[in-house]
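Architecture and fold: a report
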Amino acid sequence: MERIEFDYTYTYDQFTVFFYGNRVFIGKKDYPIGQCCVDVMNLDESILGEIDRRVRLFIPAARKLPIEKQTAPPLLRRNG
């Protein structure tokens, strides 16, 4: 299996998940995607509700990102 890893900075409220093929990479570990689906479905209803609430708060900001990226000034390149 080809393994792709990146160094991430982790805090209590941030993490990175990378999906590739039928695997999910969280930190330096990888899991079958099916196991992650089962684990999410087994979460308590209150936790799923909190996840849903946070996603709804995030979506408006995420929708603005492509617009902001297109209007950002170009990066200056150094020759040398």
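Residues numbered from 1 in each chain as written. Predicted model: local features only at pLDDT ≥ 70, side-chain atom pairs only at ≥ 80, totals over all residues. Heavy atoms only, no water.

1. Quick notes on the confidence of the model for the protein chain
- In this model, the protein chain carries an average pLDDT of 76, and 65% of its residues clear a pLDDT of 70 or more.
- The least confident element of the protein chain, judged by mean pLDDT, is helix H2 (residues 45–71) at 82; the most confident is strand S3 (residues 29–32) at 89. (pLDDT = per-residue confidence, 0-100. Helix = DSSP H or I, 4+ residues; strand = E, 2+ residues; numbered from the N terminus.)

2. Quick look at the sheet that holds strand S2 (residues 23–26)
- On the basis of which strands lie adjacent, the open sheet formed by 3 strands has the order S1-S2-S3 and antiparallel pairing. Only two strands of the sheet have a single partner each, and these edge strands are strand S1 (17–20) and S3. Mean inter-strand twist for the sheet, computed between neighbouring axes without regard to direction, equals 25°.
- Pairing geometry for S2 and S3, over 4 bridges, is antiparallel. The residue bridging Ile26 from the neighbouring strand is Lys29, located in S3.
- Contacting S1, S2 and S3, helix H1 (residues 33–41) crosses the sheet at an angle of about 80° to S3. (Pairing = 2+ DSSP bridges. Axes fitted to C-alpha atoms, helices over the stretch in contact; angles between N-to-C directions. Contact = heavy atoms within 4.5 Å.)

3. Digging into the pattern of salt bridges
- Enumeration according to the criterion identifies 4 salt bridges in this entry.
- With its nearest N and O atoms 2.6 Å apart, the salt bridge here joins Asp30 to Arg23.
- Among the charged side chains, a network of salt bridges with common partners joins Glu50, Arg53 and Arg54. (Salt bridge = Lys/Arg side-chain N within 4 Å of Asp/Glu carboxyl O.)

4. So, the state of the cysteines
- Inspection of every chain in the model, using the stated rule, returns 0 disulfides.
- Cys36 forms no disulfide, and the closest cysteine sulfur to it belongs to Cys37, at a distance of 7.0 Å.
- The class of Cys37 is partly exposed, set by a relative accessible area of 44%. (Disulfide = S-S within 2.5 Å. Buried < 20%, exposed > 50% of the residue type's maximum accessible area, 1.4 Å probe, protein only.)

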